[in-house]
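As a plain string of letters, each chain reads:
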Amino acid sequence: MRDKYETVIGLEIHAQLNTESKIFCGCSTRFGDEANSNVCPVCLGLPGALPVLNRRVVELAARAALALNLNINSRSIFSRKNYFYPDLPKGYQISQYDRPFSEHGWVEIPTSERDELGHATEWRTKKFCITRLHLEEDAGKSLHEGMPDPTRSYVDLNRSGVPLAEIVSEPDFRSSWEAYDYMQYLRRTLSYIGVCDGNMEEGSLRCDANVSVRLRGANEFGTRVELKNLNSFRFLQKALEYEIDRQIATIEAGGKVVQETRLWNEHESKTYSMRSKEEAHDYRYFPEPDLPPLVIDDELIEKQRAELPELSEARRRRFIDEYGLSLDDASQLTDSRETAEYFEATARTSGNAKASANWILNELVREMKSSATDFSSVPVSPEALAAMIKMIDSGGISGKMAKDVLVRMYQTGRTAEEIVSEMGGSQVSDEAAIRAFVDRAIAANPKQLEQYRAGKTSLVGFFVGQVMKLSSGRANPQVVNDVLKKALES
Ligand SMILES: [Zn+2]
């Protein structure tokens, strides 16, 4: 059934810009402060208060626009978007309408469909166009859950006036996974360039989606439905899937899709109608009389361009070319700027990029997960990890020993060298010493020796295990194998 139809999705993403203070006043943007403690006449919308644009907002927006290949307009206009809502004290939101900050951008990113287990089926590169990135202020927040009186609504205006960049895409996505991959790319890129922390739980990054279906080959778009407040990557993908199925089923049953706004209900895994087109707002936009046009000079743009770091996609490709990493490893290691920088420092110092990738993605990430730390505060420095990898490569410790060593490095913050000597010395590679362990292992297991010599050669693994046990894991496995084979066959 799905094959008969084509899905068309466009995304509107609101990203909170990483500033200390709000967009038009000096109030703090800090998350989690006591309700209504970061407010002033400007962001409360008191009569006569005048907004003044925060310069940092403009710098960050310019940086984001450059990273997303948008053209920055030399002159843009702030407009009032009028509507009534309890969390909007002024009765209007200052946004941008027909003269936005920037327009006509694009990204070229890897995307793939996923199987039932969520594994990518085939990565390919696809270009998605971005209509515009404009500036606006956030509204406050209505509170219900956990409030003293459940029959009342409460309002917290700390968010009122927090700076946002709204990034509107063209309707270029043809599946829920394309939308998902784009959203991931945007989060990663904005956090790489220090524009937005990408924290979806705290509302720093939010997503609305427009979705419609049409018969394959049709020229006109189907009737679109807006999905509001998709506040996690998983919700975005699941809500889109649900909505695509719902629209196709409606059409197949002879019905018509209604233009409306719907909300995702995670508990029931369904979307619900919030309001229909008839109730849609007419915002009566008009230019904000209290703010002059925003004029951007080349100097500001060039300064931001110079500060742009290597972006995640470029870095991912370089990790594959320069270090010979797999696509999967390179993707994981470029997921955040901290991870990528940690890997690169380890790889350069150890001279062994593949081992560095493996140790970071397996053992180190496991330790980090169990202690809920991230790469900005990991207790093992890249230099310390590199020194441990060098010890393995020079035969000083076995890979098996190194796993224990790394756990202790993580817990104590000490170097691999200190921990190895504390554990009773490094790896034993001396043939005579290993021969002694081998002899003891063989003498203790005459039955297995007999079976081995009768042709059951797979028992060599059993003997290796015995020797490793006798040496407390310190015997060099390569030497054990050689010495053991000689001894078993003599
Ligand atoms: Zn304020």
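Scroll up to find the structure this text is about.
Engineer: When you look at the packing of helix H13 (residues 446-453) against helix H15 (residues 477-489) in this model, what are you seeing that I'm missing?
Structural biologist: In a pair of packed helices, the angle between the axes and the distance between the axes together describe the arrangement. Axis separation between H13 and H15 bottoms out at 10 Å; the angle between their running directions is 80°. On the basis of the axis angle, H13 is roughly perpendicular to H15. For the pair H13 and H15, contact is made by Leu449, Tyr452 and Arg453 and by Ala487, Leu488 and Glu489, respectively. Broken down by class, the residue content of the contact of H13 with H15 amounts to four nonpolar, no polar and two charged.

Engineer: Even after reading the chapter, I still don't get the pattern of salt bridges, so can you show me in this structure?
Structural biologist: Two side chains bearing opposite charge may form a pair once their charged atoms approach each other closely. The final tally for this structure, using the stated rule, is 42 salt bridges. With a shortest N-O distance of 3.0 Å, glutamate 6 and arginine 214 are connected by a salt bridge. Here arginine 214 lies in strand E11 (residues 205-215) and glutamate 6 lies in strand E1 (residues 5-16), a separation of 208 residues in the sequence. Accessibility expressed as a relative area gives 12% for arginine 214, which makes it buried. Residues glutamate 307 and arginine 63 are paired through a salt bridge, measuring 3.1 Å at the closest nitrogen-oxygen approach. Highlighted residues: glutamate 307 in helix H4 (residues 298-307) and arginine 63 in helix H1 (residues 55-67), separated in sequence by 244 residues. Looking at glutamate 307, the relative accessible area reads 38%, which means it is partly exposed. In this structure, a network of salt bridges that share partners links the residues Glu310, Arg315, Arg318, Glu322, Arg337, Glu341, Glu344 and Arg348.

Engineer: Where do I start with the coordination of the zinc ion in this structure?
Structural biologist: Protein coordination at the zinc ion: the donors are Cys25 (SG), Cys27 (SG), Cys40 (SG) and Cys43 (SG), at 2.3 to 2.4 Å from the metal. Taken together, the four donor atoms coordinating the zinc ion and their angles of 101 to 116° define a geometry best described as tetrahedral. All donors of the zinc ion belong to a single chain; written as a sequence motif, their spacing is C-x1-C-x12-C-x2-C. A residue pair is termed long-range when its members are at least 10 positions apart, and cysteine 25 in the loop between E1 and H1 and cysteine 43 in the loop between E1 and H1 qualify at 18 residues. On the basis of relative accessibility, which here comes to 12%, the residue cysteine 25 falls in the buried class. Judged by relative accessible area, cysteine 43 falls into the buried class, the value being 3%.

Engineer: Can you help me understand helix H7 (residues 337-350) in this one?
Structural biologist: An α-helical segment advances 3.6 residues per turn. Residues three or four places apart therefore align on the same side. In this model, H7 (14 residues) spans 20 Å end to end at C-alpha, consistent with the 20 Å of a helix rising 1.5 Å per residue. Restricting attention to buried positions, one finds in H7 the residues Thr339, Ala340, Tyr342, Phe343, Glu344, Thr346, Ala347 and Ser350. The elements touched by buried residues of H7 are helix H2 (176-192), helix H5 (312-323), helix H6 (327-333), helix H8 (353-370) and helix H9 (382-393).

Engineer: Explain H4 to me, please; I cannot follow it from the model alone.
Structural biologist: For H4, every residue scored as buried is listed here: Leu300, Ile301 and Gln304. Projected down its long axis, H4 shows its buried positions confined to an angular sector of 95°, all on one face. Exposed side chains of H4 directed beyond 90 degrees from the buried face belong to Asp298, Glu299 and Ala306. Each element contacted by the buried residues of H4 is listed here: H1 and strand E2 (71-72).

Basis of the calculations
- Residues numbered from 1 in each chain as written.
- Predicted model: local features only at pLDDT ≥ 70, side-chain atom pairs only at ≥ 80, totals over all residues.
- Heavy atoms only, no water.
- Axes fitted to C-alpha atoms, helices over the stretch in contact; angles between N-to-C directions.
- Helix = DSSP H or I, 4+ residues; strand = E, 2+ residues; numbered from the N terminus.
- Parallel < 35°, antiparallel > 145°, perpendicular 65-115°, else oblique.
- Contact = heavy atoms within 4.5 Å.
- Nonpolar A, V, L, I, M, F, W, Y, C, P; charged D, E, K, R; others polar.
- Salt bridge = Lys/Arg side-chain N within 4 Å of Asp/Glu carboxyl O.
- Buried < 20%, exposed > 50% of the residue type's maximum accessible area, 1.4 Å probe, protein only.
- Donors = N, O, S within 2.8 Å, 3.2 Å for Na, K, Ca; no water.
- Tetrahedral: all angles 85-135°; square planar, octahedral: opposite > 155°, others 65-115°.
- Expected span 1.5 Å × (residues − 1).
- Arc of directions from axis to C-beta.

So, to be careful, I would describe these as geometric facts and stop short of saying anything about function.
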